[in-house]
Amino acid sequence: MAGQTTTAPDDRRQGLFLVAGMVAVMWVVEVIDQIAGGSLDQYGIEPHDPDGLVGIVTAPFLHAGFGHLIGNTVPFVLLGATIALSGLVRVAATTAIVALLGGFGTWLIAPSGTDHIGASGVVFGYATYLIARGLFSRNLLHLAVGLLVIAVYGTTLLTSVAPHDGISWQGHLCGGIAGVIAARVLDRHDRGPRELPDDGNRALVG
């Protein structure tokens, strides 16, 4: 029977602090952006433009007004905090994978001449990570959390990847795919390398 690693309270606390810190940066940036007349929004993801690649890092912290920011803050905190209960490294790794892969996917498939901003791609990645995690780990608690996420956000996940004018459905779609990839990659990391049976018939090279 494989042993399960437990997450220390300090590690959980640091993970929660990271989520809170990212949200704080979003709000500070939006206040500055409002004062600057929305000039920061130009640093979103601009598909197919090499200069627009910087948006992969900056776009999650940029929003089109406080209404947009509030709409992303609530699910970001709830889903991010849930992942943070597994520790700082887990929520940091999930965020990095989702933001980088999801952002790059958006840069690749979204139409040229558009500007994609907001944390919703990361939110979608968090949601699909939590759903897929249970399928890969076969952990009953993870499966239960995944079912809860489906119950609360399932309809939103489905409707928000359908093409809509003015909505970055490409960011939602790519963020969601990146969340599944994150769940798979991190589950494999948890399991570690598979041990091959010592049947006495393996040849050694060298």
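Structure's up top.
Residues numbered from 1 in each chain as written. Predicted model: local features only at pLDDT ≥ 70, side-chain atom pairs only at ≥ 80, totals over all residues. Heavy atoms only, no water.

Engineer: I'd love a proper account of unusual backbone geometry, names of residues and values included.
Structural biologist: Positive phi, close to 70°, is recorded for His48, a residue that is not glycine. Within the fold, His48 resides in the loop between helix H1 (9-35) and helix H2 (55-58). His48 sits in the partly exposed class, given a relative accessible area of 39%. Backbone geometry at Arg138 places phi at a positive 60°, although glycine is not the residue there. Relative to the elements of secondary structure, Arg138 occurs in the loop between helix H5 (120-137) and helix H6 (140-159). The exposure class of Arg138 is exposed, given its relative accessible area of 66%. (Helix = DSSP H or I, 4+ residues; strand = E, 2+ residues; numbered from the N terminus. Buried < 20%, exposed > 50% of the residue type's maximum accessible area, 1.4 Å probe, protein only.)

Engineer: Quick rundown of the environment of Phe17? Include the residues and the values.
Structural biologist: Turning to its location among the elements, Phe17 is positioned in helix H1. Classification of Phe17 by relative accessible area gives exposed; the value is 58%. Separated by 67 residues in the primary sequence, Phe17 and Ala84 have C-alpha atoms spaced 8.8 Å apart.

Engineer: Residue-level account of the packing of aromatic side chains, with values.
Structural biologist: Throughout the structure, instances matching the rule amount to three aromatic pairs. Relative to Tyr126, the ring of Phe76 has its centre 5.2 Å away and its plane inclined at 45°; by these criteria the two rings are tilted. Of this pair, Phe76 sits in helix H3 (residues 66-84) while Tyr126 sits in helix H5; the two residues are 50 residues apart in sequence, bridging distant segments of the chain. In this structure, Phe76 and Tyr126 share a single accessibility class: buried. Both rings, one in Phe104 and one in Trp107, keep their centres 5.8 Å apart while their planes meet at 15°; by these two values the pair is stacked. (Phe/Tyr/Trp six-rings, centres within 6.5 Å; stacked < 30°, edge-to-face > 60°.)

Engineer: Before we move on, could you go through H1 and cite the residues and values that matter?
Structural biologist: Here H1 is 27 residues long and its end C-alpha atoms lie 39 Å apart, about the 39 Å a rise of 1.5 Å per residue gives. Listing the buried residues of H1 in full gives Gly15, Val19, Met22, Val23, Met26, Val29, Glu30 and Asp33. On its buried face, H1 sits against H3, helix H4 (88-109) and H5. Within two residues after H1, Gly37 carries a phi angle of roughly 75°, on the positive side. (Expected span 1.5 Å × (residues − 1). Contact = heavy atoms within 4.5 Å.)

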